[in-house]
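The residues making up each chain are set out below.
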Amino acid sequence: MNRALDKLIRTAERLCVLYAELLVCSKEKTELLVACSVEGIAAAQGREEMIVDKLLKMQQLREEALREAAQALGCKSVPPTIS
């Protein structure tokens, strides 16, 4: 059970880091929009897309980790819920 919960926690921590990266990138992009920097906006858009792709993959891993943790705890509801 500990391994399943540890995996869920690590996945949540990675998601938190990715969302923080996305926030930083979005703030930079806002500044570039104000400055009308077309090249900078294109680069920021590319970074945003990479982060979003990583987030989508991590969300899938989070769902898998949640299922494993729920099974380890004996949860019978499908899909598992926090309650």
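This text goes with the structure placed above it.
This one's a predicted model, so the numbers in the text were calculated from it and none came from an experiment.

Trainee: Just to check I follow, could you spell out the overall build of the protein chain for this structure?
Mentor: The helix and strand inventory of the protein chain stands at two helices and zero strands. For 83 residues, the compact-globule estimate of 2.2 N^0.38 gives 12 Å, and the protein chain exceeds it by more than 25% at 17 Å. Once the C-alpha set of the protein chain is aligned to its principal axes, its extents read approximately 55 × 20 × 20 Å. In the protein chain, the proportion of contacts linking residues at least 24 apart, taken out of those at least 6 apart, comes to 69%. Accessible surface computed for the protein chain: about 6,100 Å², of which carbon and sulfur atoms make up 62%. Charge-centre separation for the protein chain: the mean point of 12 positive side chains lies 8 Å from the mean point of 12 negative side chains.

Trainee: What exactly am I supposed to notice about helix 1 (residues 2-35) here?
Mentor: For helix 1, spanning 34 residues, the distance from its first C-alpha to its last is 50 Å, which sits close to the expected 50 Å at 1.5 Å a residue. Those residues of helix 1 that fall on the buried side of the exposure criterion are A4, T11, L15, L18, L22, C25 and K29. On its buried face, helix 1 is in contact with helix 2 (38-73). Count one or two residues on from helix 1 and you reach C36, which has phi positive near 55°.

Trainee: Would you take a moment to explain the pattern of salt bridges for this structure?
Mentor: Side chains bearing opposite charge may pair, as long as their charged atoms lie close to each other. One pass over the structure, following the stated rule, counts four salt bridges. Among the salt bridges present, the one from K7 reaches E64, with a minimum N-O distance of 2.9 Å. Residue K7 is found in helix 1, and its partner E64 is found in helix 2; the two are separated by 57 residues along the sequence. Among the ionic pairs, K29 bridges to E48, the shortest N-O distance being 3.0 Å.

Trainee: I would appreciate a short explanation of helix 2 in the present structure.
Mentor: Every α-helix carries 3.6 residues per turn, so stepping three or four residues along brings you back to the same face. Helix length check: helix 2 (36 residues) gives 51 Å between terminal C-alpha atoms against 52 Å at 1.5 Å per residue, within 8%. When we look at burial in helix 2, the residues that qualify are G40, A44, E48, I51, L55, M58, A65, L66, A69 and A70. Residue G74 follows helix 2 closely and has a positive phi angle near 85°.

Criteria and thresholds
Residues numbered from 1 in each chain as written. Predicted model: local features only at pLDDT ≥ 70, side-chain atom pairs only at ≥ 80, totals over all residues. Heavy atoms only, no water. Helix = DSSP H or I, 4+ residues; strand = E, 2+ residues; numbered from the N terminus. Rg over C-alpha atoms; globule rule 2.2 N^0.38 Å. Contact = heavy atoms within 4.5 Å. Areas by Shrake-Rupley, 256 points an atom, 1.4 Å probe, with all protein chains shown as cover. Lys, Arg positive; Asp, Glu negative; His and termini not counted. Charge placed at Lys NZ, Arg CZ, Asp CG, Glu CD. Expected span 1.5 Å × (residues − 1). Buried < 20%, exposed > 50% of the residue type's maximum accessible area, 1.4 Å probe, protein only. Salt bridge = Lys/Arg side-chain N within 4 Å of Asp/Glu carboxyl O.

Geometric values such as these leave the question of function open.
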